[in-house]
Amino acid sequence: MSHQLSKVEQVKASSRHLRGTIASELAQNSDAFTEDTAQLLKFHGVYQQEDRDRRKEARARGLPKLHMMMVRTRVPGGVVSPDGYIAHDDIAGRWGNGSLRLTTRQDFQLHGVLKGDLREAIHSINRSLLTTLGGCGDQERNIMSCPAPVSDPFRTAVSAAVSDLVRALTPSTRAYHEIWIDGALADTSAPSDEDESLYGEQYLPRKFKTAVALDGDNCVDVYANDLGLVARSRDGDDLDGFEVLVGGGLGRTHNKPETFPTVAMPLAHVDASEVVAVSRAVVGVQRDWGNRTDRRHARLKYLVHDRGIEWFFDRVQERVDFRLQPPRPLRWKPVDDHLGWHEQGDGLLFYGLYVENGRIADTAGSAMRTGLRRLVDQLRPSLRITAQQNLIICGIAPAERAVVQQLLGDHGISPSESLPNALRHSMACPAVPTCGLAVAEAERVMPDVIREIAALLDELGLGDERISVRMTGCPNGCARPYLGDVGFVGTTLGKYDVYLGGDFEGTRLNHLYAHNVRLEELARVLRSPLTAFRDERQPHESFGNWCHRIGVDAIRERHADALAVAS
Ligand code: SRM
Ligand code: SF4
């Protein structure tokens, strides 16, 4: 095995705290950045991409690649001010592809921004008091937490803890400010007083993700994270402390069994006042011990897997000056997706709006982007992005409820409450045309697939069931398909692996049910298991739990005939 540092490690090490040659390349009149700079740009929330729809045609006609940038804004807990929303909507219209994307980690993404417009676009995001720093790259990513705007002392304390964590885990480099905000960059050396104490010169070996779940409510899919924190309440009121989970992650590579998805495992219980220190310690262990030679084996989950949770516990313990307490058992209630009308507890209401696959756009079916923009301009509500790619409109006075309904209705936006359950609980990643790693479609084909599944569920009398269906265009797992009741994972253009047996609470992985199923067969392969579930389930048993109890292998054997024709 080679022990040479990976190429990205060398780029980071010589970047002088993420400066590199970003500023000088920005000033050049070209449509793309160099490869090294593209790696550094990720830390600033920017991905250099290519329009894959155009790729074939361009190659055939001898035309160059059409480069464009994806910009990801980090939105802790998904909390967005009206100005933050308006800034993103403006960029989407002026410089982007005309749509806004809400992500599975409660962020905004803008696609299709050209290099020449990048600085202005990021500047305007910053003016709205949001940042793209930490959107991507080998550092702490967006910290997720339950977005429901309910006011009670427990949630208020958890929000304060999230803010503390964001401050404590964000890089200290001033490079971001110099490049995107000041712009007056004379040289690109890191000032000698700049102290990047948490990350060092080389930052982390790989991306690092943290989510904060609330006692009993796993709407953020906490088990998918490198660091999962579950806030415990005392008597349902005050914040008592946190359960600390480590080593979750879903990415894998086809035909490479040494890469695998796994759920985070319990490490310790800590008091509320200790959560920042323990989180920095976990990040520090990964910084010092994580694999820097092989990026496919560099996530924290492999460190925990290879060394063992006891070893990991000892490394964290020696970095904090308090005793880590043994983890306490966790119990989960069914996940609340926060859609529809709810009371906030302060006399105001919030409305959870379903956004199909997180894409806010004007389409033939509905003018969602225009409608939401009017609503934000007119009522200026605070907004929250959910971990299921949906949007919460907050702080609506009861007298304004009708105005919201009218505005949504006028723009052809379906009320969340009217949607079939299958749609409501589905997610798909962007995949083609923007994602360079996609081997199959996801967001563009999921609308048809999920409607077929909804019709099937209705036909079988299962329309009221809560079944989560998640699709991705490759095995990296961006829409968390391995944690759904049903997961579709692209294997090649037009084909998907089908996974069954996860649970609606997102606490366990599902299992491979069928390999390489054709897109047009996806709904059909679910027919036999769904029919058997309907006929054999125990009272109140969910589809995922039934699959888990019977065993995915056993279900496959029973329905081998139906599967044979699907691939
Ligand atoms: Fe992801 C890479 C989109 C959540 C695992 N992800 C990508 C890139 C940036 C492709 C690339 O590297 O070139 C995708 C950009 C596509 C595009 O055109 O927009 C991409 N990931 C997304 C989003 C937008 C999907 C969505 O439908 O919302 C999500 C943005 C989250 C955010 O705001 O930060 C997104 N990605 C996830 C999640 C889910 C989560 O974190 O809860 C996962 C699984 C959890 C995990 O990290 O293990 C995930 N994305 C990956 C991986 C696999 C990482 C690994 O350990 O192997 C990659 C590829 C990589 O890092 O090499 C990846
Ligand atoms: Fe791209 Fe794969 Fe992530 Fe989908 S799952 S966005 S195809 S990396």
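Residues numbered from 1 in each chain as written. Chains lettered and ligands numbered in written order. Predicted model: local features only at pLDDT ≥ 70, side-chain atom pairs only at ≥ 80, totals over all residues. Heavy atoms only, no water.

Peer 1: Looking at this structure, I do not really get the site of ligand 2. What am I missing?
Peer 2: Around ligand 2 sit Cys429, Pro430, Ala431, Cys435, Leu437, Ala438, Thr472, Gly473, Cys474, Asn476, Gly477 and Cys478, and those are all the residues in its vicinity. Along the lines of polarity and charge, the residues of the shell around ligand 2 split into 8 nonpolar, 4 polar and no charged. (Near = heavy atom within 4 Å. Nonpolar A, V, L, I, M, F, W, Y, C, P; charged D, E, K, R; others polar.)

Peer 1: Quick question: what am I supposed to make of the packing of helix H10 (residues 300-307) against helix H11 (residues 309-317) here?
Peer 2: Helix-helix packing: each pair is described by the crossing angle between the helix axes and the interaxial distance. It is at 6 Å that the axes of H10 and H11 come closest, and there the two elements cross at 115°. With respect to H11, the axis of H10 lies roughly perpendicular. Across the interface between the two elements, Leu300, Leu303, Val304 and Arg307 from H10 touch Ile309, Trp311 and Phe312 from H11. When the residues that make up the contact of H10 with H11 are grouped by side-chain class, the tally is 6 nonpolar, no polar and 1 charged. (Axes fitted to C-alpha atoms, helices over the stretch in contact; angles between N-to-C directions. Helix = DSSP H or I, 4+ residues; strand = E, 2+ residues; numbered from the N terminus. Parallel < 35°, antiparallel > 145°, perpendicular 65-115°, else oblique. Contact = heavy atoms within 4.5 Å.)

Peer 1: Looking at this model, I keep getting lost on the coordination of the iron atom of ligand 1. Mind explaining?
Peer 2: Working reference: metal with six octahedral donors, ideal angles 90 or 180 degrees; metal with four tetrahedral donors, ideal angle 109.5 degrees. Protein coordination of the iron atom of ligand 1 rests on one atom only, Cys478 (SG), at 2.3 Å. Topologically, Cys478 is positioned in the loop between strand S17 (469-472) and strand S18 (486-492). (Donors = N, O, S within 2.8 Å, 3.2 Å for Na, K, Ca; no water.)

Peer 1: Please explain the pattern of salt bridges as it appears in this structure.
Peer 2: A side chain of one charge can pair with a side chain of the opposite charge when the charged atoms of the two come close. Scanning the entire structure with this criterion turns up 40 salt bridges. As a salt-bridge pair, Arg19 and Glu194 come within 2.8 Å of each other at their nearest N and O atoms. Residue Arg19 is located in the loop between helix H1 (7-13) and helix H2 (22-27), and its partner Glu194 is located in the loop between helix H8 (175-182) and strand S7 (210-214); the two are separated by 175 residues in the primary sequence. A relative accessible area of 1% places Arg19 in the buried class. The salt bridge involving Arg369 is made with Asp89; its shortest N-O contact spans 2.7 Å. Of this pair, Arg369 sits in helix H12 (residues 368-379) while Asp89 sits in helix H5 (residues 82-94), and the two are 280 residues apart along the sequence. Considered together, Arg369 and Asp89 belong to a single accessibility category, that of buried residues. Through salt bridges with shared partners, a single ionic network connects Glu9, Lys12, Asp138, Arg292 and Arg295. (Salt bridge = Lys/Arg side-chain N within 4 Å of Asp/Glu carboxyl O. Buried < 20%, exposed > 50% of the residue type's maximum accessible area, 1.4 Å probe, protein only.)

Peer 1: How do you make sense of the site of ligand 1 when you look at a structure like this?
Peer 2: The environment of ligand 1 is made up of 29 residues, and the closest members are Asp107, Leu250, Thr434, Cys478 and Arg480. Of all elements in the fold, only strand S1 (46-50), strand S2 (67-73) and strand S5 (108-113) reach the threshold of two or more residues within the shell around ligand 1. Of the residues assigned to the shell around ligand 1, the class counts are 9 nonpolar, 11 polar and 9 charged.

Peer 1: What should I look at first to understand helix H3 (residues 35-43) in this one?
Peer 2: An α-helix turns once every 3.6 residues. As a result, residues three or four positions apart point the same way. Within H3, the full set of buried residues consists of Thr37, Ala38, Leu40, Leu41, Lys42 and Phe43. Turning to H3, the residues buried within the fold contact H1, H2, S1 and H8. Gly45 sits one or two positions beyond H3 and adopts a positive phi of about 90°.

Peer 1: Mind showing me how you'd approach the sheet that holds strand S11 (residues 340-343) here?
Peer 2: Strand order across the open sheet formed by 5 strands is S3-S14-S15-S12-S11, with antiparallel pairing between neighbours. Lying at the two open borders of the sheet, with one neighbouring strand each, are strand S3 (79-80) and S11. Sheet topology places S3 next to strand S14 (residues 383-385); 2 bridges connect them, and they run antiparallel. Among the inter-strand pairings, Val79 is bridged to a residue of S14, identified as Arg384. (Pairing = 2+ DSSP bridges.)

Peer 1: Where do I start with the side chain of Glu465 in this structure?
Peer 2: With respect to the helices and strands, Glu465 occurs in the loop between helix H15 (446-459) and S17. Under the relative-accessibility criterion, Glu465 is labelled buried at 17%. A distance of 2.9 Å separates polar atoms of two side chains, one belonging to Glu465 and the other to Arg537. (Polar contact = N/O pair within 3.5 Å; in protein donor to acceptor, adjacent residues only side chain to side chain.)

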